[in-house]
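Below are the chains, spelled out letter by letter.
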Amino acid sequence: MKQEQIDALRLHTIADQKLLIDGRWVNAASGQTFPAVSPIDGQTLCHIAAAGPEDVDQAVQAARRSFEQGVWSRMPPAERKKVLHRIADRIEAHHAELAVMGVRDNGTEIAMAWKAEPGSAAGSFRYYAECVDKVNGEIAPTPEGTLGLIHKEPVGVVAAIVPWNFPLMIAAWKVAPALAAGNSVVLKPSEDASLSLLRLGQLCLEAGLPPGVLNVISGTGAVAGDALARHMDVDILTFTGSGPVGRMLLKASAESNLKRVYLELGGKSPNIVFSDAPDLAQAAKVSALGIYRNSGQVCVAGSRLLVQREVHDEFVDRLRDIAVNLRVGDPLDVSTEIGAVSSARQLAKNLAAVQSAQNEGARLVVGGQALHPIEGGHYMAPALFDRVTPNMTLAREEVFGPLLAVMPFDSEVDAVRLANESTYGLASAVWTGSLSRAHRMVRAIKAGVVHVNTYGGPDITMPLGGVRQSGNGHDKSMHALDKYLDLKSAWIQL
Ligand code: NAD
């Protein structure tokens, strides 16, 4: 990652964008577009075609046609695997371009986006490429004179709706296993970060993915997303985003064709620091980054920090020192630690949450105000709150911004109770020097992910998903492949 390379790429003009349907780039049937506005400086990067119901239908029909014709679903597994590897090659060849384009679109600091976006997207395509020819069926232990075969088959048309915080990484977590399983896909990016996914569509074509197998339709959630969720010929809807939209999608499925819906939703993840943590300085540093990086726009962010009372005040002091020294600014500067907030709307939401936490009695230790390092952009100083109580809105509701709520606890039992006092269950962490306590906590915490003496990092080999209102599906790992396969039983009389 070189600053000169980034500086050159940030000046590139971005052409207006069309929809990718059946291997062709087309305008929306209505002719409507929407602007891609950069949160770095509020400038319009380009205009993007806004898919309507007619375009969604065309994309689903193209996906269905390609599926039924078998151009991908019946391609020999060894060949499919090569295409997925070539997609990873294309992503790697365009790593810098994809990273910089994504940051211009959503404002994530480049140091993070560089690895998390093209880096992990290429890794996902490689991982699932290697799975293609390892999907074996089963023979059931049936009585003599019979043979029970269990086939694993692609399901058909998969619709993927993704958010703006890590568009390329999250889309790859869905598209790569869905394609590896032999399905055809319609991908809808967020209207706040479409560019890198439209580019991914082009790279997939160049890698030899047959037309219609991956369609990318930009557009708003209310129009394009809703039409996809209600389409009668979509078999699976895989979604990452907010809880309220997740609920709408379940309803849309119930009111249309009962398509399978996988939800990866938000969280209010507890990060628990015991007084016997091996290194409190390291715990404070990693905990601060665990909520503040990408301006807190990370689904697994440790937004509730529970600290054992003996070390509470010392820990808050450490966090304050870290928070005030974090470099907030131009996300395309390699030394920036926290980039832009993704939109004016999200910044206003964050600032309102700061105000409401203060109104409810939490103490703002530091930060929480809008910053203006670049004219026209959206930036915010990381906010640290203590004296937060479990009934406060800040302790219960996801903000999706750089706001950390600190609460004290006395005992392990107390910590477990507080940690589980949530409607969510996405991620969590425990900092302790006791191996036994670490294992007890891993079992006791209701969450899809428990970190021990770290925050963030599980790679593609580990499932990521939540329990309770954080969702019902898992991205990543071999388990994600199963989501996109159907089981078929063949009962044979011998
Ligand atoms: P969002 O729910 O507003 O939007 C997500 C996607 O849904 C976008 O593509 C949007 O256009 C679409 N959408 C919006 N309304 C729709 C509708 N009525 N019908 C169909 N589609 C619709 O979420 P966001 O603001 O983009 O992302 C932030 C949320 O995502 C946070 O809650 C965060 O925790 C969550 N998230 C979860 C994970 C995870 O893995 N669990 C990862 C990243 C983000």
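Cut-offs applied
- Residues numbered from 1 in each chain as written.
- Predicted model: local features only at pLDDT ≥ 70, side-chain atom pairs only at ≥ 80, totals over all residues.
- Heavy atoms only, no water.
- Helix = DSSP H or I, 4+ residues; strand = E, 2+ residues; numbered from the N terminus.
- Buried < 20%, exposed > 50% of the residue type's maximum accessible area, 1.4 Å probe, protein only.
- Contact = heavy atoms within 4.5 Å.
- Pairing = 2+ DSSP bridges.
- Axes fitted to C-alpha atoms, helices over the stretch in contact; angles between N-to-C directions.
- Domains from an automatic or database assignment.
- Buried area = accessible area lost by both parts, 1.4 Å probe.
- Salt bridge = Lys/Arg side-chain N within 4 Å of Asp/Glu carboxyl O.
- Near = heavy atom within 4 Å.
- Polar contact = N/O pair within 3.5 Å; in protein donor to acceptor, adjacent residues only side chain to side chain.
- Areas by Shrake-Rupley, 256 points an atom, 1.4 Å probe, with all protein chains shown as cover.
- Parallel < 35°, antiparallel > 145°, perpendicular 65-115°, else oblique.
- Left-handed = near helix turned anticlockwise from the far one by under 90°.
- Right-handed = clockwise from strand over helix to strand, strands pointing away.
- Expected span 1.5 Å × (residues − 1).
- Bend = angle between axes of the 7 residues up to and from the residue.
- Phe/Tyr/Trp six-rings, centres within 6.5 Å; stacked < 30°, edge-to-face > 60°.
- Lys NZ or Arg CZ within 6 Å of the ring centre and 35° of its normal.

Q: How do you make sense of the environment of G471 when you look at a structure like this?
A: Position of G471 among the secondary structure elements: in the loop between β20 (451-452) and α16 (477-483). Among the residues examined, G471 registers a relative accessible area of 13% and is labelled buried. Among residues more than four places away in sequence, those in contact with G471 are L263, L265 and G466.

Q: Would you take a moment to explain the sheet that holds strand β18 (residues 403-409) for this structure?
A: Hydrogen bonds between backbone atoms are what pair the strands of a sheet, whose relative direction is either parallel or antiparallel. Taken in spatial order, the seven strands line up as β14-β17-β18-β13-β12-β19-β20 in an open sheet, and their pairing is mixed. Two strands close off the open sheet at either side, each with one partner strand: β14 (363-366) and β20. Relative to strand β13 (residues 304-308), strand β12 (residues 270-273) runs parallel, the two being bridged by four bridges. Within β13, the position partnered with P270 by the bridge is R304. Where helix α11 (residues 309-325) meets the sheet, it contacts β12, β13, β14, β17 (383-386) and β18, and its direction lies at approximately 135 degrees from that of β13. Helix α12 (residues 344-359) rests against β14, β17 and β18 of the sheet, and its axis sits at about 20 degrees to β17.

Q: So what exactly am I meant to see when it comes to the domain arrangement of the chain here?
A: Many structure descriptions define interface size as the accessible area lost when the parts assemble. Here the domain parsing of the chain yields domain 1 (3-265 + 471-493) and domain 2 (270-459). Computed from C-alpha coordinates alone, the two centres of domain 1 and domain 2 are separated by 31 Å. Facing 23 residues of domain 1, the contacting portion of domain 2 comprises 31 residues. Roughly 2,100 Å² of surface becomes buried between domain 1 and domain 2 when both sides are summed, with 55% attributable to carbon and sulfur atoms. Where domain 1 meets domain 2, there are two salt bridges. Note that D192 and R345 form a salt bridge whose closest N and O atoms lie 2.8 Å from each other.

Q: Help me out: how do you make sense of the site of the ligand in this one?
A: Taken together, 27 residues form the shell around the ligand, and within it V162, E191, S242, L265 and E398 come nearest. One of the side-chain N or O atoms of K188 is found 2.9 Å from an oxygen atom in the ligand. Against a free-state accessible area of 850 Å², the protein chains account for coverage of 90% of the ligand. Of all the secondary structure elements, the ones that give two or more residues to the shell around the ligand are α8 (221-230), β10 (236-240) and α9 (243-255).

Q: Would you take a moment to explain the packing of helix α2 (residues 53-69) against α8 for this structure?
A: Each pair of packed helices gets described by two things: the angle between the helix axes and the distance between those axes. At a minimum axis separation of 9 Å, α2 and α8 run at an interaxial angle of 40 degrees. The orientation of α2 relative to α8 falls into the category oblique. Both α2 and α8 take part in a crossing whose hand is right-handed. Residues P53, V56 and V60 of α2 form the contact with α8, whose participating residues are V223, A224, A227 and L228.

Q: Where do I start with the pairing of β12 in this structure?
A: Both faces of the sheet carry side chains from a regular strand, because those side chains alternate between them. With burial as the criterion, each face of β12 is covered, one bearing P270 and I272 and the other bearing N271 and V273. The handedness of the β12 to β13 crossover, carried by helix α10 (residues 280-292), is right-handed. Here β12 pairs with strand β19 (residues 429-431) via three bridges, running parallel. Of the residues in β19, the one forming a bridge with I272 is V430.

Q: I keep staring at helix α5 (residues 110-131) and nothing clicks. Help me out?
A: Since the α-helix advances by 3.6 residues per turn, residues separated by three or four positions end up pointing in the same direction. Over its 22 residues, α5 extends 30 Å from the first C-alpha to the last, a length consistent with the 32 Å expected when each residue adds 1.5 Å. At S120, α5 shows its strongest bend, of approximately 35 degrees.

Q: Is there a simple way to think about the side chain of S287 in this case?
A: Here S287 is to be found in helix α10. When sequence neighbours within four positions are dropped, the list of residues in contact with S287 reads N271, L305, F315 and W431.

Q: What is the right way to look at the pattern of salt bridges in this model?
A: Between side chains of opposite charge, a pair can form when the charged atoms approach closely. For the structure shown, the criterion picks out 32 salt bridges. A salt bridge links E68 to R64, with the nearest nitrogen and oxygen atoms 3.4 Å apart. Of this pair, E68 and R64 both sit in helix α2, four residues apart, which is roughly one turn of the helix. D89 is the partner of R126 in a salt bridge, and the nearest nitrogen-oxygen pair spans 2.6 Å. Of this pair, R126 sits in helix α5 while D89 sits in helix α3 (residues 77-93), and the two are 37 residues apart along the sequence. A relative accessible area of 38% places D89 in the partly exposed class. What emerges from the salt-bridge pattern is a single network uniting R64, E68, D233 and D235.

Q: Before we go on, may I ask you to explain the packing of aromatic side chains in this structure?
A: How two aromatic rings sit relative to each other is given by the distance of their centres and the angle of their planes. Applying the stated criterion across every chain yields a total of four aromatic pairs. Centre to centre, the rings of Y127 and Y128 are 5.0 Å apart; their planes meet at 80 degrees, and the pair counts as edge-to-face. Just as Y127 is buried, Y128 falls in that class too. For the pair W164 and F400, a centre-to-centre distance of 5.4 Å together with 70 degrees between the ring planes defines the contact as edge-to-face. Here W164, found in the loop between β7 (157-161) and α6 (167-180), pairs with F400, found in the loop between α13 (393-396) and β18; they are 236 residues apart in sequence, far enough to count as distant. What makes W164 buried here is its relative accessible area of 11%. Against the face of Y262 rests K483, its NZ or CZ located 4.9 Å from the ring centre.

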